[in-house]
Amino acid sequence: MTAPEPPRRSRNRTTVAIVTASAVVVAACAVTGFLVLRDDGSDKADPKPAASASASPGSTDRTATGGNGPLVAGWNTVVNAQRGITFDVPASWARKSASWVSYVAKDDDPEEKPLVAMAGPAVLKEKWCTSDDDKSGTEEDTPLASTGTTGEKGSKNTAEAAKSTATNWVYGAYTQPDRTRLTIGEPESYRTKTGVEGSLVTVTSSGTPAKGKCDGDGKAVTFAFKNAKGAFVSWTYVGAHGVPDEVADTTIRKVLSTVRLFKKGDGEG
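A. Local environment of the side chain of T77. Mapped onto the elements of the fold, T77 is located in strand 5 (residues 76–80). Among the polar contacts listed, one links the side chain of T77 to the side chain of D88, at a separation of 2.9 Å.

B. Summary view of the pattern of salt bridges. Enumeration over the complete set of coordinates arrives at 7 salt bridges. Between E126 and K96 there is a salt bridge, with its nearest N and O atoms 2.5 Å apart. Taken together, the positions of E126 in the loop between strand 9 (114–124) and strand 10 (129–131) and K96 in the loop between strand 7 (94–95) and strand 8 (100–105) put the pair 30 residues apart, joining distant regions of the chain. E126 sits in the partly exposed class, given a relative accessible area of 34%.

C. Fine view of the pairing of strand 16 (residues 217–226). Here strand 16 lies mainly inside the structure; 9 of its 10 residues are buried. When strand 15 (residues 197–205) meets strand 16, the two strands line up antiparallel, connected through 7 bridges. From the neighbouring strand, V201 faces strand 16, where its bridge partner is T222. Sheet topology places strand 16 next to strand 17 (residues 232–241); 10 bridges connect them, and they run antiparallel.

D. Broad picture of the sheet that holds strand 6 (residues 85–89). The strand order 5-6-18 describes an open sheet built from 3 strands, whose pairing is antiparallel. With one partner strand each, in any of the chains shown, strand 5 and strand 18 (260–261) form the two edges of the open sheet. In the sheet, strand 6 pairs with strand 18 via 2 bridges, with the strands oriented antiparallel. By the bridge assignment, I85 is partnered in strand 18 with L261.

Thresholds applied
Residues numbered from 1 in each chain as written. Predicted model: local features only at pLDDT ≥ 70, side-chain atom pairs only at ≥ 80, totals over all residues. Heavy atoms only, no water. Helix = DSSP H or I, 4+ residues; strand = E, 2+ residues; numbered from the N terminus. Polar contact = N/O pair within 3.5 Å; in protein donor to acceptor, adjacent residues only side chain to side chain. Salt bridge = Lys/Arg side-chain N within 4 Å of Asp/Glu carboxyl O. Buried < 20%, exposed > 50% of the residue type's maximum accessible area, 1.4 Å probe, protein only. Pairing = 2+ DSSP bridges.

What follows is the structure in structure tokens.
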């Protein structure tokens, strides 16, 4: 078996990793800490690799049909059994394995403790922008947009969870250390096609100075609700804002409308 690439620090604020049973395989951007999903409902950094049954992008646990299949014809279903969430994305979005985690950390944090994270994301245009701003000889890819799910342990209500998660994504991935560029929307009540009710918050940034080729403004839309076990969880879209190929709000809302509770047996077996 080919040895995995050793971890290295990345200048990219959005980092992703796949955790396997025998090693940590680094994809797209390497990390110095290993992020795994714990059973306590939180998404935290862990200093050691953890075992997982999912080993690679596109593995069978990501090809679930969500019971009766996607709610939108021609789309694909994303399942996060641990968080109890299912949703659909257009066929052009690449679905990652359930053990793939994306997160953002403070730029000056040597331990890269996550500000916020999402599990098993679906990614649009993974190589939307490629750069080597630090002239290290290693190019890094920035996707146009991603959507995934998060455990919201510690939140008092869905409005608080949605606001915090959406804000942290735009701040962490696009504007830090400047919070003055953020426009934080008020929480609104939302109900999906299947009757899941919760709070929705949209956060955008504007006028953020570009420090590198792929830098710019961002947008996050977070829908927080309770899963079948009564735990606070959320679905989030995050992507580039104010660019010609920005994902249309109608598409974001269409994906959001398909969010539903995971049922045991969906995508299993």
